[in-house]
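Spelled out from the first residue to the last, the chains are:
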Amino acid sequence: MNATAATTSKKKTERSTSVHPSTPRVDGQDSLARAFFRYTLNDIAHFSRVLVGRPLRSYQLEVARAVLASVRRRQGAIFTVEMARQMGKNELSAHLEAYLLYRYQRRGGTIVKCAPTLSPQVLISRLRLEAVLDRPWLAPYWQRAHGNMVAVGNARVMFLSAHEQSNVVGATADLLLEVDEAQDVDEEKFAKEFLPMAAAQNATIVLYGTPWTQDTLLAKYKALNLAHEDNTGERRHFSFPWQVGARENPRYGAAVKAQIRQRGENDLVIRTQYCLEEVDDATGFFMPPLQAALQGMHARQHEPRADAHYVAAVDVAGEETAAARDGGNMRRDSTVVLIGERVWRHDPVLGFALPAVNVVNAYQWTGLPTTEQYAHLVRLLGEEWQVQRAIIDATGIGDALARFLQARLGEDRIEPFTFTAQSKSALGYDLRSLVGSGRLQIWADDGSPEYRACWQQVRRCQLALHPGSRIGFHVPAGQGHDDYVSALALLTRTVESGAPPAVSVALPPQETQMEGY
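In what follows, the accompanying structure is described. Remember, predicted model here, so these are calculated numbers, not experimental data.

## With respect to the pairing of strand 4 (residues 149-152)
The two faces of a sheet get side chains in turn, since along a regular strand they alternate between them.
Here is step 1: The alternating pattern of strand 4 places Met149 and Ala151 on one face and Val150 and Val152 on the opposite face, and all of these are buried.
Here is step 2: In textbook terms, the turn of a hairpin is the stretch between consecutive antiparallel strands, and for strand 3 (residues 142-145) and strand 4 this stretch comprises three residues, one of which, histidine 146, has a positive phi near 55°.
Here is step 3: Bridge count between strand 4 and strand 5 (residues 155-161): four bridges; the pairing is antiparallel. In the sheet register, valine 152 faces strand 5, and the bridge partner there is alanine 155.

In structure tokens, the structure reads:
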């Protein structure tokens, strides 16, 4: 196909809104062309290498051939596929879809692909399929239909959201049903609305994802598949940790090893998304390696240094009544202020300096009226430490306090932060990552009440695992509060602010980039 024809075909595709049965078919070519396409459609390895021009790797082909065998025989098998990040799970899915579209273009059939969110996950899946189809030998024959559908002749792929509130009743998957990021899909939603789609024609089902806990949709079907393999010898669960990808792509292996050195082997992301481990055993938020990394060697500072740059985090407590203050409750919520000094720490793995924060002082107020907290914060943040940036807990009563501080000290210096399930999860991941890489540290033991209170919370803090790969952190009821831990988490938002040092040395980018599909 020449460039003009390819451009014309692409424009036709972009403006297409419906399926046209008269779409040209590859079997309408001369005998040589028919033989060529028959060869490429005989095996997905030929299809990917010759027509797509992007050969699948051996572990991808292993999954693809097992899935296609079930599709051809109408076995209705349910496969579970775990691949480490950046090893080509989505590319495998797109090649499977493209192959089936051309294989069944005359006979017809429907593939349903779903993911937990419409945007970006479902959208990315559709765009990836279109990128596979936009190859010289394939581009003339496919079209987009009704926004969420891609078709070749009488075969089509429908892209649907698996969000709990999405409406998907009525769709049918008679060739293949694919569930992306299945560990984040609600089990009841899948059982009631997606599983019946494959029932009429006993269609094959593939659940893709990475591990989380034992009670996810992916984990439950994985357990069934492993039991099935023990009983019959038939493999329906495929698990490929990062080491498998590293054997076929050494540069990918080098990049993952660098991440492991940065984050630590016990990091949740490393364990679940690269080593493919379930994390039901994760109880302490700060495991011993993280506690060791959090302990700094620098001295506590009681006043600022002239050449230093300071940041702060404030976890705000609610105001208490006089009666509550007189009750003698030793475990009342407190406002905690952490002062951090921004520093640059050379990373031996990456070869250049990264921003870090040394916690150099802490203040704790219990039962203090909001007006007094405001006065203290203006003095501490604006006058005494002259912080460049401060993150203020704006949840509940903290909202007004944060707004007053913004008006007094400037919006460029004060950032309100509202705790939600999602935002706290993101903070938790950032906190574990920064601590694990040695980029967030607490001053050396000075025997102070603030130091003891901080480390008591650090040691007692527990990790909570929630659906959707969300995490939380808390000190169990009856063991105290998590004021210091929350302030440490807020402090992570100050790490990237500020200018880098005048001189830094970086490795060539190709040495650390993540490769793969």
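Next comes the rest of the description.
## Description of the pairing of strand 11 (residues 352-366)
Here is step 1: Counting buried residues in strand 11 gives twelve out of 15 residues, a clear majority hidden from the surface.
Here is step 2: When strand 10 (residues 334-347) meets strand 11, the two strands line up antiparallel, connected through 14 bridges. If you follow aspartate 347 over to strand 11, its bridge partner there is phenylalanine 352.
Here is step 3: Summarising the sheet, strand 11 and strand 14 (residues 440-442) pair through three bridges and their orientation is parallel. Its bridge partner being in strand 14, asparagine 358 is matched across the sheet by glutamine 441.

## Things to note about empty space enclosed by the protein
Here is step 1: Inspection of every chain in the model, using the stated rule, returns two cavities of 30 Å³ or more.
Here is step 2: By volume, the largest cavity amounts to about 40 Å³.
Here is step 3: Around the largest cavity, the lining residues are Asn90, Ser93, Ala94, Glu97, Lys113, Ser125, Arg128 and Leu129.
Here is step 4: For the lining of the largest cavity, the elements supplying multiple residues, two or more each, are helix 5 (89-103) and helix 6 (118-133).
Here is step 5: Per-element tally for the lining of the largest cavity: the top contributor is helix 5, with four residues.
Here is step 6: Of the residues belonging to the lining of the largest cavity, the class tally is two nonpolar, three polar and three charged.

## Comments concerning the side chain of lysine 222
Here is step 1: Note on placement: lysine 222 falls in helix 8 (residues 217-232).
Here is step 2: Overall, the relative accessible area of 14% leaves lysine 222 in the buried class.
Here is step 3: Those residues within four positions of lysine 222 in sequence are excluded, and the remaining contacts are Thr80, Glu82, His237 and Glu278.

## A short note on helix 3 (residues 44-52)
Here is step 1: The element helix 3 is largely enclosed, with a buried count of seven among its nine residues.
Here is step 2: Residues of helix 3 that are buried: Ile44, Ala45, His46, Phe47, Ser48, Leu51 and Val52.
Here is step 3: Against helix 2 (31-40), helix 4 (58-73), helix 5 and helix 6 lie the buried residues of helix 3.
Here is step 4: Positive backbone phi, approximately 80°, marks glycine 53, located one or two places after helix 3.

Reading the values: the criteria
Residues numbered from 1 in each chain as written. Predicted model: local features only at pLDDT ≥ 70, side-chain atom pairs only at ≥ 80, totals over all residues. Heavy atoms only, no water. Buried < 20%, exposed > 50% of the residue type's maximum accessible area, 1.4 Å probe, protein only. Helix = DSSP H or I, 4+ residues; strand = E, 2+ residues; numbered from the N terminus. Pairing = 2+ DSSP bridges. 1 Å grid on protein atoms, 1.4 Å probe; cavity = no way out; pocket = protein on both sides within 12 Å on 5 of 7 lines; lining within 4 Å. Points joined across faces, edges and corners; volume = space filled by probe spheres on them. Nonpolar A, V, L, I, M, F, W, Y, C, P; charged D, E, K, R; others polar. Contact = heavy atoms within 4.5 Å.

The analysis is restricted to geometry; functional conclusions fall outside its scope.
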